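Chain by chain, the residues run as shown.
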Amino acid sequence: MLISSRSPIRTKFITMIARLFALGAFMLCGPLRAADLSAAIAACGQYRYREAVKMIDAIPSGKITAEALRYRGVALGKMGRWEEANATLERARAMEPDSVDVLLDLANAQGQYALASGPFGKLSGARKAKATLEQAVALAPNSVDARNGLYGFYLNVPAIVGGGRDKALAQLVEIERLDPVTARLCRAELAYADKDFARAFAIYREVQRTHPDDYRAYYGLGRIAALSGKELESGLASLRRCATMTSPLRLPGLPGVHLRMGDILRHKGDIAGARAAYQESLRVLPEYTFAREELAKLKKS
């Protein structure tokens, strides 16, 4: 099916794909445990991704592993260097084609790299990401992370590239069987997609109450507050809680937390506060493109 370059359907489709990958709707450091790799993993945990890449590059080529390449790819992606990240993670897959962790990080890189392409490049990238996620689920049907990633893809991507609500709900049934807490968080995202904001916020608050150390519940609430412009004080409080926690590797850490804080403060009309939040995001991760873009928007407004 060809889509006209002026078609509103095509424009909406491209926007949806861009939003999916830019917001991280999919989900976001082996045998070798050399000092350099351990230090690189620690650097990733401290947002020192450039140093992590250098450390991994210093590992002799004969000792490089898929795990080392995976961390290199993740670090490159965190800096917005998606072409290099995609190539690195493809190398990791070639070394360990059955590694679910490699496949999940590769799917994210495939989608992000596609954003730099034209409309049909975006289509191709989304299809590659879908195939990679489906491969991960086929290899590890009891992996919550794999099914969660595929759920997010199906929920947010249009049918033209294989998305669909029915497919998402089928994954949700399996996630419910494997991990009821993750399933609750998935239902919050489903409610948000349906614009049932009250239900989405209620689910996140419930998980915060029953699982007060679950980073996902706090970041999720803060994210939808920033995107919807609703429940701003609750969103800000949740993000401040995130700032005191350790984030999972595939979720936005401090740079993303401060980015969303800036978005909320902008909704509140606190431009100075928003600017400070975006600047703090860049202080933590100078390569963080999203924060730099939001600062540029403030200067134009």
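Our structure is the block above this text.
Here's what I pulled together on the structure shown here. (Residues numbered from 1 in each chain as written. Predicted model: local features only at pLDDT ≥ 70, side-chain atom pairs only at ≥ 80, totals over all residues. Heavy atoms only, no water.)

1. Points about the overall build of the protein chain
Using the following cut-off: Helix and strand assignments follow DSSP, with helices taken as H or I runs no shorter than four residues and strands as E runs no shorter than two, numbered in order from the N terminus. Buried residues are those whose accessible area, probed at 1.4 Å on protein chains only, stays under 20% of the maximum for their type, while exposed residues exceed 50% and partly exposed ones sit between those limits.
For the protein chain, the helix and strand inventory stands at 16 helices and zero strands. The 301 residues of the protein chain split such that 51% are buried.

2. Comments concerning the nonpolar core
Threshold: What makes a nonpolar core is a set of buried Ala, Val, Leu, Ile, Met, Phe, Trp, Tyr and Cys residues whose side-chain atoms join them at distances within 4.5 Å. Contact criterion: two residues are considered in contact whenever any of their non-hydrogen atoms come within 4.5 Å of each other.
By size, the foremost hydrophobic cluster in this structure holds 64 residues, and its most contacted members are Tyr 49, Ile 56, Val 257 and Ile 264. For this core, the element with the highest residue contribution is helix α12 (residues 215-228), accounting for eight residues. Residues contacting Ile 264, with those up to four places away along its chain left out, are Gly 222, Ala 225, Ala 226, Leu 232, Gly 235, Leu 236 and Leu 239. Judged by nonpolar contacts, the second largest core, of 25 residues, contains Leu 104, Ala 140, Ala 168 and Leu 190.

3. Things to note about unusual backbone geometry
Despite not being glycine, Lys 195 has its phi angle at roughly 65 degrees, a positive value. Exposure remark for Lys 195: the relative accessible area of 63% places this residue in the exposed category. Phi at Glu 231 takes a positive value of approximately 50 degrees, unusual for a residue other than glycine. Here Glu 231 shows up in the loop between α12 and α13 (232-242).

4. Quick notes on the pattern of salt bridges
Going by this rule: Salt bridges are defined by distance alone: a side-chain nitrogen of Lys or Arg within 4 Å of a carboxyl oxygen of Asp or Glu.
Scanning the entire structure with this criterion turns up 24 salt bridges. Residues Arg 266 and Glu 294 are paired through a salt bridge, measuring 2.9 Å at the closest nitrogen-oxygen approach. A residue pair is termed long-range when its members are at least 10 positions apart, and Arg 266 in helix α14 (residues 254-267) and Glu 294 in helix α16 (residues 289-300) qualify at 28 residues. Given the relative accessible area of 11%, Glu 294 is considered buried.

5. Some points on helix α4 (residues 66-78)
Where we set the bar: The span expected for a helix works out to 1.5 Å for each residue beyond the first.
Along its 13 residues, α4 runs 18 Å from first to last C-alpha, staying within 8% of the 18 Å computed at 1.5 Å per residue. Counting buried residues along α4, 13 of its 13 residues qualify, which places the element largely inside the surrounding structure. Positive backbone phi, approximately 80 degrees, marks Gly 80, located one or two places after α4.

6. Looking at the packing of α14 against α16
Let me state the cut-off plainly: Lines fitted to the C-alpha atoms define the axes, with helices restricted to the stretch that makes contact. Angles between their N-to-C directions range from 0 to 180 degrees. Orientation is classified from the angle alone, with under 35 degrees giving roughly parallel, over 145 giving roughly antiparallel, 65 to 115 giving roughly perpendicular, and any other angle giving oblique. What makes a crossing left-handed is the near helix being turned counterclockwise from the far one by less than a right angle; a clockwise turn instead makes it right-handed. Ten residues, namely Ala, Val, Leu, Ile, Met, Phe, Trp, Tyr, Cys and Pro, are considered nonpolar, four, namely Asp, Glu, Lys and Arg, are considered charged, and the remaining ones, Gly among them, are considered polar.
Two elements in contact, α14 and α16, have axes separated by 10 Å at closest approach and are oriented at 25 degrees. Taken together, the axis directions place α14 and α16 in an arrangement best described as roughly parallel. Once α14 is placed against α16, the crossing between them reads as left-handed. When α14 is examined against α16, the residues Leu 259, Asp 263 and Arg 266 are found in contact with a partner set consisting of Phe 290, Ala 291, Glu 294, Lys 297 and Leu 298. Residues belonging to the contact of α14 with α16 are distributed by class as follows: four nonpolar, no polar and four charged.

7. Considerations on the environment of Ser 238
Turning to its location among the elements, Ser 238 is positioned in helix α13. In the structure, Ser 238 is positioned 21 residues away from Ala 217 in sequence and 8.4 Å away in space, judged by C-alpha atoms. The contacts of Ser 238, once residues within four sequence positions are left out, are Gln 208, Tyr 218, Leu 221 and Gly 222.

8. A few points about the packing of helix α10 (residues 180-193) against α12
Taken N-terminus to C-terminus, the directions of α10 and α12 make an angle of 5 degrees; their axes are 11 Å apart at the nearest point. Classified by the interaxial angle, the pair formed by α10 and α12 is roughly parallel. Here Val 181, Thr 182, Leu 185, Glu 189 and Tyr 192 of α10 lie close against α12, whose contacting residues are Arg 216, Ala 217, Arg 223, Ile 224, Leu 227 and Ser 228.

9. Quick look at the packing of aromatic side chains
Put simply, the rule reads: Aromatic rings from Phe, Tyr and Trp, taking only the six-membered ring of Trp, are treated as a pair when their centres fall within 6.5 Å; an angle between ring planes under 30 degrees marks them as stacked, one over 60 as edge-to-face, and anything in between as tilted. Look at NZ for Lys and CZ for Arg. If either is within 6 Å of the ring centre and within 35 degrees of the ring normal, a charge sits over the ring.
Counted according to the given criterion, the structure contains five aromatic pairs. Taking 6.3 Å as the distance between ring centres and 75 degrees as the angle between the ring planes, the aromatic pair formed by Phe 153 and Tyr 154 counts as edge-to-face. Measuring from ring centre to ring centre gives 5.6 Å for Tyr 192 and Phe 197, while their planes differ by 55 degrees; the resulting arrangement is tilted. Assessed through its relative accessible area of 14%, Tyr 192 is described here as buried. The ring of Tyr 71 carries Arg 70 above its face, with NZ or CZ at 5.2 Å from the centroid. The ring centre of Tyr 218 lies 5.3 Å from the NZ or CZ of Arg 241, which sits over that ring.

10. Re the environment of Gly 163
For Gly 163, the location among the structural elements is in the loop between α8 (144-156) and α9 (165-178). Considering only alpha carbons, one finds Gly 163 and Arg 127, 36 residues apart in sequence, at a separation of 9.7 Å.

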